[in-house]
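Survey of secondary and tertiary structure
Here are the chains, one letter per residue:
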Amino acid sequence: MALVRLRESSAGSRETDVLTEGAEVAAFLARFGIDYERWTPDHAIAADAPADAILAAYGREIDALKTRGGYVTADVIDVKPETPNLDVMLAKFSREHWHDEDEVRFIIEGRGLFHVHPADGPVFAIEVEAGDLIRVPRGTHHWFDLCHDRRIRAIRLFQDTAGWTPHYTDSGVDKGFEPVCFGPAYVARR
Ligand SMILES: [Fe+2]
């Protein structure tokens, strides 16, 4: 996890800084109602294990989160460079939108970049990687891009079995930000 935010300097200009320490990231995100956790499986499991095995290995965390957040289903999504119609799929994620339910993702493999646009503050970016759990509350304006390797495998939890429905803001705010990932060497926890 790496989090990039804008902040006002003492001279009044805007500066960018990067948070990579887990507790610092979690504290920053909590101000916006976003949960960030690190999950470890009950037993060692390969990132390319079947979906059922992945869900079982993280069953304890999934069940606890379901109880906390009213999530009724969990699945595993796989996105790879060879995924059919990948560009069409990614274009749905990469425009600013919000949902009627929480967006919950636990990253098993690969990386991705969430941009979050709080109602009362500047946009910030969160790069997620394997082991990261993120919960973006319903109604939060955000968008999502893959990193350069266009690979992500993630557990998703849903409150509504109808699944993922975006409401686009058409604000154009997303066009002012390039989806720049730092990469695994940079975001390795210090
Ligand atoms: Fe979303």
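Now for a quick tour of the structure. (Residues numbered from 1 in each chain as written. Predicted model: local features only at pLDDT ≥ 70, side-chain atom pairs only at ≥ 80, totals over all residues. Heavy atoms only, no water.)

**Examining the overall build of the protein**
For clarity, the threshold we go by: The secondary structure listing takes helices from DSSP runs of H or I that are at least 4 residues long and strands from runs of E that are at least 2 residues long, numbered from the N terminus. Only the C-alpha atoms count toward the radius of gyration. The rule for a globule is 2.2 Å times the residue count to the power 0.38. Only protein chains enter the accessibility calculation, which uses a 1.4 Å probe; a residue whose area is less than 20% of its type maximum is buried, one above 50% is exposed, and one in between is partly exposed.
Looking only at helices and strands, one finds five helices and 12 strands in the protein. Since a compact globule built from 190 residues should have a radius of gyration of about 16 Å, the 16 Å found for the protein is in line with a globular shape. Each principal axis of the C-alpha distribution contributes one length, and for the protein these read about 55 × 35 × 35 Å. By residue count, 44% of the 190 residues in the protein fall in the buried class.

**Re the coordination of the iron ion**
Here is the rule we go by: Distances define the donors: N, O and S atoms within 2.8 Å of the metal qualify, as do those within 3.2 Å of Na, K or Ca. Water is excluded, so some sites may look unfinished. Think of it this way: with four donors and all angles in the 85 to 135 degree range, the site is tetrahedral; with four or six donors, opposite ones beyond 155 degrees and the rest between 65 and 115, it is square planar or octahedral; otherwise it is irregular.
On the protein side, the iron ion has His97 (NE2), His99 (NE2), Glu103 (OE) and His142 (NE2) as donor atoms, found 2.0 to 2.2 Å from it. Each of the four donor atoms around the iron ion contributes to a set of angles spanning 80 to 173 degrees, which defines the coordination as irregular. His97 sits in the buried class, given a relative accessible area of 1%.

**A word on helix α4 (residues 86–93)**
As a reminder, the rule being used: As used here, the arc is the angular range of directions from the helix axis to the C-beta atoms. Contacts: residue pairs with any heavy atoms within 4.5 Å of one another.
Of the positions making up α4, those classed as buried are Leu86, Leu90 and Phe93. Seen end-on, α4 carries its buried residues on one side only, within an arc spanning 50 degrees. Buried residues along α4 sit against β4 (73–79), β5 (97–98) and β10 (142–146).

**What about the pattern of salt bridges?**
Once the charged atoms of two side chains with opposite charge are near each other, the side chains can pair. How we decide: Within this document, salt bridges are pairs made up of a side-chain nitrogen of Lys or Arg and a carboxyl oxygen of Asp or Glu, the two lying within 4 Å of each other.
Taken as a whole and assessed by the stated rule, the structure comprises 15 salt bridges. For Asp87, the salt bridge identified is with Arg150, shortest N-O distance 3.2 Å. Taken together, the positions of Asp87 in helix α4 and Arg150 in the loop between β10 and β11 (152–158) put the pair 63 residues apart, joining distant regions of the chain. By relative accessible area, which is 28% here, Arg150 ends up partly exposed. Between Arg151 and Glu109 there is a salt bridge, and its shortest N-O distance comes to 2.8 Å.

**Focus: the state of the cysteines**
The condition that has to hold: Any pair of cysteine sulfurs within 2.5 Å is marked as a disulfide.
A full pass over the atoms with the stated rule returns one disulfide. A sulfur-sulfur separation of 2.0 Å characterises the disulfide bridge that pairs Cys147 with Cys181. Here Cys147 and Cys181 share a disulfide; its torsion about the S-S bond, -80 degrees, makes the bridge left-handed. Within this pair, whereas Cys147 is found in the loop between β10 and β11, its partner Cys181 is found in the loop between β12 (167–168) and α5 (184–187), the two being separated by 34 residues in sequence.

**Re the side chain of Asp145**
Rule in force here: This count recognises Lys and Arg as positive and Asp and Glu as negative, with His and chain-terminal groups excluded.
Among the structural elements, Asp145 can be located in strand β10. Although Asp145 is buried, it forms no salt bridge, and the closest oppositely charged side chain is Arg150 at an N-O distance of 8.8 Å. Dropping the residues within four chain positions of it, Asp145 is found in contact with Ser94, Gly112, Leu113, His115 and Pro179.

**Looking at the layout of surface pockets**
Definition in use: Two kinds of site are reported from a 1 Å grid over the protein atoms alone, namely cavities, where a 1.4 Å probe fits but cannot get out, and pockets, open sets with protein on both sides within 12 Å along at least five of seven lines, and residues are called lining when an atom falls within 4 Å of a point. Grid points are joined across faces, edges and corners, and a volume is the space filled by probe spheres set on the points. The classification used treats Ala, Val, Leu, Ile, Met, Phe, Trp, Tyr, Cys and Pro as nonpolar, Asp, Glu, Lys and Arg as charged, and all other residues, Gly among them, as polar.
Considered as a void within the structure, the largest pocket measures approximately 220 Å³ in volume. Elements that contribute at least two residues to the lining of the largest pocket include exactly β4, α4, β6 (103–110), β10 and β11. Taken together, the residues that form the lining of the largest pocket break down as 11 nonpolar, one polar and three charged. Considered as a void within the structure, the second largest pocket measures approximately 170 Å³ in volume. Around the second largest pocket, the lining is made up of 13 residues, and of these Val4, Thr16, His115, Ala125 and Phe177 lie nearest the centre. Contributing elements (two or more residues each) for the lining of the second largest pocket: β1 (2–8), β7 (112–116) and β8 (124–128). Looking at the lining of the second largest pocket element by element, the count peaks at three residues for β1. Counted by class, the lining of the second largest pocket contains nine nonpolar, two polar and two charged residues.

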